[in-house]
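Here are the chains, one letter per residue:
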Amino acid sequence: MKTSSTLPPTPAGKHAIVYGGSMAGLLATGVLSRHFERVTLVERDRFEDGPQPRKGVPQSSQVHILLARGRNVLSEVFPGIEQELKAAGGEIMDMTESMAYYVSGLWRPQIRGGVSMSAHSRPLLEWVVRQRMRALPNVRVLDGREAAGLKTDADPTRITGVKLQAPGGGQEEVLEGDLVVDASGRGSRTPQWLEALGYPRVEETCIHVDVVYACRLYQRPPGFEPGWDSLTLSPQLPEVRRLGTIQRIENNLWQVMLGGWLGDGPSADEASFLEFARGLSQPHLYEALRNAQPVGPIHRYRFSHNQRRHYERMPRFPEGLVVIGDAFCSFNPVYGQGMTTGALQAETLGECLRRGLAGVSQRYRQCVGKLLEVPWMLATSGDLRLPEVEGKRPPVLGLLSWYGDRVQRLTCYDEEALRVFMRVMHMLESPAAMFSPRMVFKVLTSEPDTVALSRGPKPLAAVPRAQVA
Ligand SMILES: Cc1cc2nc3c(=O)[nH]c(=O)nc-3n(C[C@H](O)[C@H](O)[C@H](O)COP(=O)(O)OP(=O)(O)OC[C@H]3O[C@@H](n4cnc5c(N)ncnc54)[C@H](O)[C@@H]3O)c2cc1C
């Protein structure tokens, strides 16, 4: 196993502390190991030695897609990690070629689009990353401990460490460090802790969506060759609010997710799950499930709201503290941006540290404030199409929605448009690419041919049962 810690001749500091050992915390630890003599990662859960879902990441039983940009950052921080993911059972696939995708009343062509995805469960991804992080020679892991407060000297303009204790209480101890990174997720208590130190309360924007996810694992039926590795029946907001996906993961399993907005999702019983699948816009997902063997229970998750904390707007913020991942901003998971945005924040932290430790907290929060603009806009402009969702609507939302729908439709019969769209969705390119003169011309003038309309996988009901079993 390779390690990636190559300290510069003059490290930014002696000791950095990260609390929260999930995706953002692991990536931040990897980055900080290149800038500090020592890094300590504090995690409330006890880490299992294997790819297990865990209490501190209750969403880990749900489908998780790592966008291509996030994979790139992951590979920069932990070189060679894709091989390790593959060795652990994950697979790398071309996103458009491997996926049957139904949107805007059309199936997208399954062409090689050049944007690849890694297919595996979230616990497997986290476990492989954790092993790489553990192999870093200057990293120490303190699991089964939680951060219970921030430590300052008499002067609260600098955070000098964290107060630690066993989850649920017990003897408190203090860990001193030059930089403290909060990677404790959506429930981060930094807003309250800063307020207690005399800072103003950070402004928060919340957009309530009440998205329901229900996921179950299935054994992929032997001999089942439908021509796709994953299948997605996409929503079409505001009219179609339900979605379903089958994602191939390790051990020849399918991870099946069904869900919808505003509380509309199946409950955690088999009959409701299958009935919901049957009611989706196309029969393929239901037909596939009918022939597959479930493995384990249905896991249901309710995501109440997009949550953005505007640390970049705070008039005062202490040095020595950085907030990363969902603790800074957490998005409706339907858009698959959370882990990638966390990875980009870790990358940004590394860039800010290249100019030294002095002023890093201020530089970082400003850069992340800007970085979040695009993913936040992409996620919330979808959600705000639902009239029931409260929030400030930009004046151009109607025009953007109309254009976005046309682009979606175009991707079903124009391969160039599909490639551009995929690069934007995977954060490899700016959304400006969808507004190039060539794209605008296509969006305004092209119409699908009728052959394209009939393209797409056959429903399995049309396939003789002997071929399916
Ligand atoms: C249903 C669902 C599906 C999703 N699907 C996708 C997807 O397809 N693609 C994608 O990119 N993202 C997806 N996401 C988002 C993704 O799960 C998060 O963005 C990501 O996990 C955020 O990582 P994080 O490290 O910031 O926080 P978290 O994963 O929430 O982890 C926080 C960690 O901090 C620990 N912790 C908490 N408090 C303390 C403390 N005081 N001291 C020490 N440790 C502490 C916790 O135990 C945990 O390990 C999905 C989310 C949901 C809810």
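Because the structure is a prediction, the values reported are computed rather than measured.

The rules we used
Residues numbered from 1 in each chain as written. Predicted model: local features only at pLDDT ≥ 70, side-chain atom pairs only at ≥ 80, totals over all residues. Heavy atoms only, no water. Axes fitted to C-alpha atoms, helices over the stretch in contact; angles between N-to-C directions. Helix = DSSP H or I, 4+ residues; strand = E, 2+ residues; numbered from the N terminus. Parallel < 35°, antiparallel > 145°, perpendicular 65-115°, else oblique. Left-handed = near helix turned anticlockwise from the far one by under 90°. Contact = heavy atoms within 4.5 Å. Nonpolar A, V, L, I, M, F, W, Y, C, P; charged D, E, K, R; others polar. Near = heavy atom within 4 Å. Polar contact = N/O pair within 3.5 Å; in protein donor to acceptor, adjacent residues only side chain to side chain. Core = buried A, V, L, I, M, F, W, Y, C linked by side-chain atoms within 4.5 Å. Buried < 20%, exposed > 50% of the residue type's maximum accessible area, 1.4 Å probe, protein only. Domains from an automatic or database assignment. Pairing = 2+ DSSP bridges. Expected span 1.5 Å × (residues − 1). Patch = residues over 30% accessible without salt bridge, like charges linked within 9 Å, V, L, I, M, F, W, Y side chains within 5 Å. Areas by Shrake-Rupley, 256 points an atom, 1.4 Å probe, with all protein chains shown as cover. Salt bridge = Lys/Arg side-chain N within 4 Å of Asp/Glu carboxyl O. Phe/Tyr/Trp six-rings, centres within 6.5 Å; stacked < 30°, edge-to-face > 60°.

Draft legend 1. Structural view of the packing of helix H1 (residues 23–32) against helix H5 (residues 122–134). At a closest axis distance of 10 Å, the pairing of H1 and H5 adopts a crossing angle of 25°. Put simply, H1 runs roughly parallel to H5. Considering how the two elements wind past one another, H1 and H5 form a crossing that is left-handed. Within the contact between the two elements, H1 uses Met 23, Leu 26 and Thr 29 and H5 uses Arg 122, Leu 125, Glu 126, Val 129, Arg 130 and Met 133. Tallied by class, the residues present in the contact of H1 with H5 amount to five nonpolar, one polar and three charged.

Draft legend 2. Quick look at the site of the ligand. Around the ligand sit 34 residues in total, of which Ser 22, Glu 43, His 64, Ile 65 and Asp 326 are the nearest. Separating an oxygen atom of the ligand from a side-chain N or O atom of Arg 122 is a distance of 2.8 Å. One of the backbone N or O atoms of Met 339 is found 2.8 Å from an oxygen atom in the ligand. Counting only elements with at least two residues in the shell around the ligand, the list comes to H1, strand E2 (36–43), strand E8 (146–152) and helix H9 (338–353). Each residue belonging to the shell around the ligand can be placed in one class, and the counts come to 12 nonpolar, 14 polar and eight charged.

Draft legend 3. Local environment of the side chain of Glu 82. Within the secondary structure layout, Glu 82 lies in helix H3 (residues 81–87). In terms of polar contacts, Glu 82 uses its side chain to reach the side chain of Arg 71, at 2.6 Å. Beyond its immediate stretch of four places on either side in the chain, Glu 82 contacts Arg 71, Ser 75 and Ile 92.

Draft legend 4. Quick look at the nonpolar core. Core analysis: the biggest nonpolar cluster contains 88 residues, and Leu 32, Phe 78, Leu 150, Leu 179 and Val 181 have the highest contact counts within it. Of the domains in this structure, domain 1 (13–64 + 121–203 + 310–378) and domain 2 (208–305) are the two that each give at least three residues to this core. If near-sequence neighbours (up to four positions away) are discounted, Val 181 is found in contact with Ile 17, Val 18, Tyr 19, Ala 28, Leu 32, Val 322, Ile 324 and Leu 349. Residues Met 93, Met 117, Ala 119 and Cys 412 belong to the second largest nonpolar core, which totals 26 residues.

Draft legend 5. Representation of the sheet that holds strand E4 (residues 99–103) in the model. Strand order across the open sheet formed by eight strands is E5-E4-E13-E14-E15-E12-E16-E18, with mixed pairing between neighbours. A single partner strand is all that each edge strand has here, and the edge strands are strand E5 (106–107) and strand E18 (329–330). The pairing of E4 with strand E13 (residues 230–233) spans four bridges and is parallel. Bridge pairing in E13 places Tyr 102 opposite Leu 233.

Draft legend 6. Layout of H5. The terminal C-alpha atoms of H5, which comprises 13 residues, lie 18 Å apart, in line with the 18 Å expected from a rise of 1.5 Å per residue. Counting buried residues in H5 gives 11 out of 13 residues, a clear majority hidden from the surface. Taken as a whole, H5 has its buried residues at Arg 122, Pro 123, Leu 124, Leu 125, Glu 126, Trp 127, Val 128, Val 129, Arg 130, Arg 132 and Met 133. The inward-facing, buried residues of H5 abut H1, E2, helix H2 (68–77), H3, strand E7 (139–143) and H9. Capping the start of H5, Ser 121 holds a side-chain oxygen 3.2 Å from the backbone nitrogen of Leu 124, two or three residues further along.

Draft legend 7. Seen up close, the sheet that holds E8. Taken in spatial order, the three strands make up an open sheet running E8-E9-E10, and their pairing is antiparallel. Because the sheet does not close on itself, it has two edges, and the strands there are E8 and strand E10 (173–176). Put simply, the sheet's adjacent strands are angled 35° from each other on average, direction ignored. The pairing of E8 with strand E9 (residues 159–165) spans six bridges and is antiparallel. Residue pairing for E9: Ala 147 is matched across the bridge by Leu 164.

Draft legend 8. Main features of a nonpolar patch on the surface. On the surface, a nonpolar cluster with roughly 720 Å² of combined accessible area is contributed by Val 374, Met 377, Val 396, Leu 399, Leu 400, Trp 402, Phe 435 and Leu 444. Of all the secondary-structure elements, those providing two or more residues to the nonpolar patch are helix H11 (373–383) and helix H12 (397–410). Here the element with the most residues in the nonpolar patch is H12; it accounts for three residues. You can see Met 377 is positioned in helix H11.

Draft legend 9. Examining the packing of aromatic side chains more closely. Summed over the entire model, instances satisfying the criterion amount to nine aromatic pairs. When the ring of Phe 331 is compared with that of Trp 376, the centres are 6.4 Å apart and the planes differ by 50°; the resulting orientation is tilted. Remark: Trp 376 occurs in helix H11 and Phe 331 occurs in the loop between E18 and H9; sequence separation between them is 45 residues. For the pair formed by Phe 331 and Trp 376, the shared burial category is buried.

Nothing here speaks to function; it is geometry throughout.
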